[in-house]
Amino acid sequence: MTKIDVQKKIQDENDRMAAGNRKAFTDAGLLVLNLISSPGSGKTTLLESTLDRLTDTMNVIVIEGDVSTQRDMDRVRARGASGVQINTGGGCHLSAAMIDEVLGELDLEAGDVVFIENVGNLICPSTYDLGEDVRMVLLSTTEGDDKPMKYPAIFHESDLAILNKIDLLPHLTYDIEKVAGEIEVLNPKCEILRLSALTGDGMDAWIDWVRAKLAEKRGELS
Ligand SMILES: Nc1nc2c(ncn2[C@@H]2O[C@H](COP(=O)(O)OP(=O)(O)O)[C@@H](O)[C@H]2O)c(=O)[nH]1
Ligand SMILES: [Mg+2]
C-alpha cells in the first residue's frame, strides 16, 4: 500500500467510528462540541468559565485530551463537570476510536452538553471527526494575528472560531479585524465570537450561542 492508501484507510476507519459516536451522542440528546487550538490559547479556561455559567441549568460532560496528566480534568471537575481524561501518550490529536473507548465511562443519558477538549495542536486534530456537532477553533491574541492563513485547514473545517484573550488587546500589536477578515475569506460559514475567558467579557454571547445550538439540536430530534 502507498502512503496515501494507508492515510485513506485510517481516515475511513476514523469516519466509521465517528459515525458510531455521533449516533450514541444523538440518541442521548446531547450537543457535542470539539475544541481545537494551540496549547495555551485558553481552551480549559473557556471551559471553566463556561461551566460557571451553565452548571446551574445543565449537566455538562467534558472529555479532556492531552498527551499526559489529568490536570485539565481536575480543573473542569472542580467547576462541576463530570467526564474523563484521555492521555494519548504522545499522539497529537484525539481520534474517534479514543472517544468510542471512553463512552462507556460516561453517563450520556444524564447529560445535556459534551465538550471535547482536543490535544493542543492547530494541525493534526483538524481532519479527525470525533462525532461532534460543532467543530470550533480558538485563537488567542498572544499568538499573533497572522495565523488563519498559515493554518487554513482548521478554519475550513470549523463551524465557530473564538478569538480569546481580548482583554490583552491594549497591550499588543494584534489586528483583530485582520484575523476575523482572514477567517471569513477561508470559510464564510464559520461564525466568529470575540471574548475573554478570563475576565468574562463576551462570555454572554458564547453562552447564548451554546444554548441556541442545544435548542436547535433538540428541536431536530423531537
Ligand atoms: N489574559 C488572559 N489570559 C487567559 C485567557 N484565557 C486563558 N488565559 C490564560 O492562558 C493560559 C493558558 O490557558 P489554558 O486554558 O490552560 O489553555 P489551553 O492549553 O488552551 O487549555 C493560562 O495562564 C490562562 O490563565 C484570557 O481570556 N485572557
Ligand atoms: Mg487545556
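Residues numbered from 1 in each chain as written. Chains lettered and ligands numbered in written order. Predicted model: local features only at pLDDT ≥ 70, side-chain atom pairs only at ≥ 80, totals over all residues. Heavy atoms only, no water.

Draft legend 1. Representation of the pairing of strand β2 (residues 60-66) in the model. Of all seven residues in β2, seven are buried, a share of seventy percent or more. Side chains V60, V62, E64 and D66 of β2 all project onto a buried face; the interleaved residues I61, I63 and G65 project onto the opposite face, where all are buried too. Sheet topology note: the β2/strand β3 (residues 82-87) ladder contains six bridges and is parallel. Opposite G65, over in β3, you have I86 as the bridge partner. Regarding the hand of the β-α-β motif, the stretch spanning β2, helix α3 (residues 71-77) and β3 is right-handed. (Buried < 20%, exposed > 50% of the residue type's maximum accessible area, 1.4 Å probe, protein only. Helix = DSSP H or I, 4+ residues; strand = E, 2+ residues; numbered from the N terminus. Pairing = 2+ DSSP bridges. Right-handed = clockwise from strand over helix to strand, strands pointing away.)

Draft legend 2. Inspection of unusual backbone geometry at higher detail. Even without being a glycine, T69 presents a positive backbone phi close to 80°. Tracing the chain through its elements places T69 in the loop between β2 and α3. Here the phi dihedral of K165 falls at roughly 70°; this positive angle occurs in a residue that is not glycine. Among the structural elements, K165 can be located in the loop between β6 (160-164) and α7 (176-186).

Draft legend 3. How the structure looks around the coordination of the magnesium ion (ligand 2). At this site the magnesium ion (ligand 2) is bound by T44 (OG1), D72 (OD) and E117 (OE), with donor distances of 2.1 to 2.2 Å. Sequence spacing among the residues donating to the magnesium ion (ligand 2) works out to T-x27-D-x44-E. Remark: E117 occurs in strand β4 (residues 113-117) and T44 occurs in helix α2 (residues 43-54); sequence separation between them is 73 residues. There is no split in this pair, since T44 and E117 are both buried. (Donors = N, O, S within 2.8 Å, 3.2 Å for Na, K, Ca; no water.)

Draft legend 4. Representation of the site of ligand 1 in the model. Close to ligand 1 lie 18 residues; G40, K43, T44, T45 and D167 are nearest. R75 is positioned with one of its side-chain polar atoms (N or O) 3.0 Å from an oxygen atom of ligand 1. N164 places a polar side-chain atom, nitrogen or oxygen, 3.1 Å from an oxygen atom of ligand 1. Within the complex, the protein chains bury 74% of what would otherwise be the 580 Å² of accessible surface of ligand 1. Sorting elements by how many residues they give to the shell around ligand 1 places α2 first, with three residues. Taken together, the residues that form the shell around ligand 1 break down as four nonpolar, nine polar and five charged. (Near = heavy atom within 4 Å. Polar contact = N/O pair within 3.5 Å; in protein donor to acceptor, adjacent residues only side chain to side chain. Areas by Shrake-Rupley, 256 points an atom, 1.4 Å probe, with all protein chains shown as cover. Nonpolar A, V, L, I, M, F, W, Y, C, P; charged D, E, K, R; others polar.)

Draft legend 5. Main features of the pairing of strand β5 (residues 134-140). Counting buried residues in β5 gives seven out of seven residues, a clear majority hidden from the surface. Neither face of β5 is left uncovered, since the one carrying V134, M136, L138 and S140 and the one carrying R135, V137 and L139 both have all their residues buried. Relative to β5, strand β1 (residues 31-36) runs parallel, the two being bridged by four bridges. Bridge pairing in β5 links N34 to R135.

Draft legend 6. Just the state of the cysteines, in detail. Taken as a whole, this structure holds zero disulfides when the rule is applied. Free of any disulfide, C190 has its nearest cysteine sulfur in C124, 20 Å distant. The exposure class of C190 is buried, given its relative accessible area of 5%. (Disulfide = S-S within 2.5 Å.)

Draft legend 7. Structural context of the nonpolar core. Formed by 29 residues in total, the largest nonpolar core has its most connected members in L33, L35, L46, F115, M136, I162 and W206. Of all the secondary structure elements, the ones that give two or more residues to this core are β1, α2, β2, α3, β4, β5, β6 and α8 (203-221). Per element, the largest residue contribution to this core is six residues, and it comes from α8. Setting aside anything within four residues of it in sequence, one finds L35 in contact with K43, L46, L47, F115, I116, E117, N118, M136 and L138. Core analysis: the next-biggest nonpolar cluster, separate from the first, contains 18 residues, A28, L103, L108 and V119 among them. (Core = buried A, V, L, I, M, F, W, Y, C linked by side-chain atoms within 4.5 Å. Contact = heavy atoms within 4.5 Å.)

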